[in-house]
Amino acid sequence: MPSDARDHLAEHLKFYGELGVDGFRRESVWRSRADLKVGTTVPGDEHGRAGPADEHGRAGLQASAPDAASELLAIRDDIGDCTRCKLCRLGRKQIVFGIGNPNADLMFVGEAPGRDEDLQGIPFVGRAGQKLTQIIEAIGLRRDEVYIANVIKCRPPENRNPEPDEVEACEQFLFRQVDVIKPKVIVALGTFAARSLLKTDAPISRLRGRVYDYRGAKLIPTFHPAYLLRNPSCRREVWEDMKKVRSLLHGEE
């Protein structure tokens with residue numbers, strides 16, 4: 001095995017250990033994903049990764065579920081080169097719509113794009129995105145098997161929190177994404193995403209650890225991956241939340 005592959009594997013095993021995963025097993029129940037709806041990505045590289053966003057920011061839409069994929073494209077077309085709120089005048093480079101399997105059972109929702117996302121047109125591609133990928137893999141899934149989006153489709157200046165008028169103008173598109181994808185489980189990443197979806201002012205420390213009904217799905221709030229980078233001691237709580245996610249996906253709760 002090449003040294004870079006060993007280093008990559010070692011890093012993942014270290015992360016799983018920090019989350020509380022005590023090892024890997026050979027039993028079929030640990031390997032099975034039969035109850036998950038897996039799609040085929042749009043043409044990308046030899047590893048199945050989607051290519052960069054086009055001029056309309058349509059990165060990562062997959063062709064495995066034609067109806068859902070077409071509906072998502074229609075939503076993206078409705079957004080257009082959006083001028084519905086002031087973020088269009090505050091330095092955003094492009095719309096960051098969403099990426100992943102349009103027929104996914106699991107959906108992650110963050111608050112808004114950051115600098116890397118604004119440049120690439122794809123949500124969660126920076127350091128927090130790498131951490132999210134590790135979290136997804138820790139429950140036995142691949143990133144291309146889930147769907148990832150944000151409450152807000154444009155980067156707020158200096159990565160500040162989205163403001164109420166910006167949320168009001170943009171959240172309709174997230175709602176439509178949820179209704180098209182019809183996930184079994186939605187994970188709200190961080191305080192802002194959880195508050196926006198649940199319409200509450202409660203902090204994430206009070207919201208996480210519970211399961212909520214949301215637009216036909218089960219919603220689980222947890223800490224944002226960027227928060228984990230600053231506060232690694234919270235990894236145990238995130239792992240407990242993700243075990244709930246895994247159980248719900250497998251119909252065990």
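Numbers given to residues run from 1 along each chain, matching the order in which its sequence is written. Reporting of local features is limited, given that this is a predicted model, to residues whose pLDDT is at least 70; pairs of side-chain atoms are given and counted only at 80 or more, and all residues count toward the totals for whole chains, interfaces and linings. Side-chain metrics in this entry use all non-hydrogen atoms of the structure; hydrogen atoms and water are not considered.

A. Local environment of the packing of helix α5 (residues 127-138) against helix α10 (residues 235-249). Interaxial distance between α5 and α10 falls to 10 Å at its minimum, and their mutual angle equals 50°. Relative to α10, the element α5 lies oblique. Considering how the two elements wind past one another, α5 and α10 form a crossing that is right-handed. Taken together, the residues of α10 that come into contact with α5 (itself represented by Lys131, Ile135 and Ala138) are Arg235, Val238, Trp239, Met242 and Arg246. Classifying every residue of the contact of α5 with α10 by side-chain character gives 5 nonpolar, no polar and 3 charged. For helices, the fitted axis covers only the stretch in contact; all axes are lines through C-alpha atoms, and the angles between them, taken along N-to-C directions, range from 0 to 180 degrees. The secondary structure listing takes helices from DSSP runs of H or I that are at least 4 residues long and strands from runs of E that are at least 2 residues long, numbered from the N terminus. With respect to orientation, any angle under 35 degrees is reported as roughly parallel, any angle over 145 as roughly antiparallel, any angle of 65 to 115 as roughly perpendicular, and every other angle as oblique. Crossing handedness: left-handed means the near helix sits turned counterclockwise from the far one by under a right angle, and right-handed means the same turn made clockwise. In this description, contact between two residues means that some pair of their heavy atoms is separated by no more than 4.5 Å. Following the grouping adopted for this structure description, the nonpolar residues are Ala, Val, Leu, Ile, Met, Phe, Trp, Tyr, Cys and Pro, the charged ones are Asp, Glu, Lys and Arg, and the polar ones are all others, Gly among them.

B. Quick peek at the nonpolar core. Residues Leu106, Met107, Phe108 and Val245 are the most contacted members of the largest nonpolar core, which totals 67 residues. The biggest single contributor to this core is helix α6 (residues 164-181), with 9 residues. Setting aside residues up to four positions removed in sequence, Leu106 forms contacts with Ile139, Leu141, Val146, Tyr147, Pro183, Val185, Val187, Val245 and Leu249. Remark: nonpolar core denotes a set of buried residues (Ala, Val, Leu, Ile, Met, Phe, Trp, Tyr, Cys) joined through side-chain atoms within 4.5 Å. The buried label applies to any residue whose accessible area, calculated with a 1.4 Å probe on protein chains only, is under 20% of its type's maximum; exposed applies above 50%, and partly exposed to all values in between.

C. Representation of α5. Helix length check: α5 (12 residues) gives 17 Å between terminal C-alpha atoms against 16 Å at 1.5 Å per residue, within 8%. The buried fraction of α5 amounts to 9 of the 12 residues, a majority that puts the element mostly inside the structure. Within α5, burial applies to Ala128, Gly129, Lys131, Leu132, Thr133, Gln134, Ile135, Ile136 and Ala138. Where α5 ends, the next residue or the one after it, Gly140, has phi of about 85°, a positive value. Take the number of residues in a helix, subtract one, and multiply by 1.5 Å to get its expected span.

D. Geometry of the sheet that holds strand β4 (residues 185-189). At least two DSSP bridges between two strands are needed for those strands to be called paired. Reading across from one edge, β1-β3-β2-β4-β6-β5 is the order of the 6 strands in this open sheet, with mixed pairing throughout. Of all the strands in the sheet, the pair left with one neighbour each is β1 (99-100) and β5 (212-214). Of the pairings in the sheet, the one linking β1 to strand β3 (residues 147-150) comprises 2 bridges and is antiparallel in character. The residue of β3 that forms the bridge with Gly100 is Tyr147. Strand contacts of α10: β2 (106-110), β4 and β6 (217-222), with the helix running at about 170° to β6, the strand carrying the most contacts.

E. Quick look at the layout of surface pockets. Cavities and pockets were defined on a 1 Å grid built over protein atoms only: a cavity is a set of grid points that admits a 1.4 Å probe from which the probe cannot escape, a pocket is an open set flanked by protein on both sides within 12 Å along at least five of seven lines, and lining residues are those with an atom within 4 Å of any such point. Grid points are joined across faces, edges and corners, and a volume is the space filled by probe spheres set on the points. In this structure, the second largest pocket spans a volume of roughly 670 Å³. If you trace the second largest pocket, you find 28 residues lining it, with Glu111, Ala128, Asn159, His224 and Ala226 closest to the centre. Every element with two or more residues in the lining of the second largest pocket is listed here: α4 (115-120), α5, α7 (191-198) and α9 (225-230). With 4 residues, the single largest contributor to the lining of the second largest pocket is α9. The residue makeup of the lining of the second largest pocket, split by class, is 12 nonpolar, 8 polar and 8 charged.

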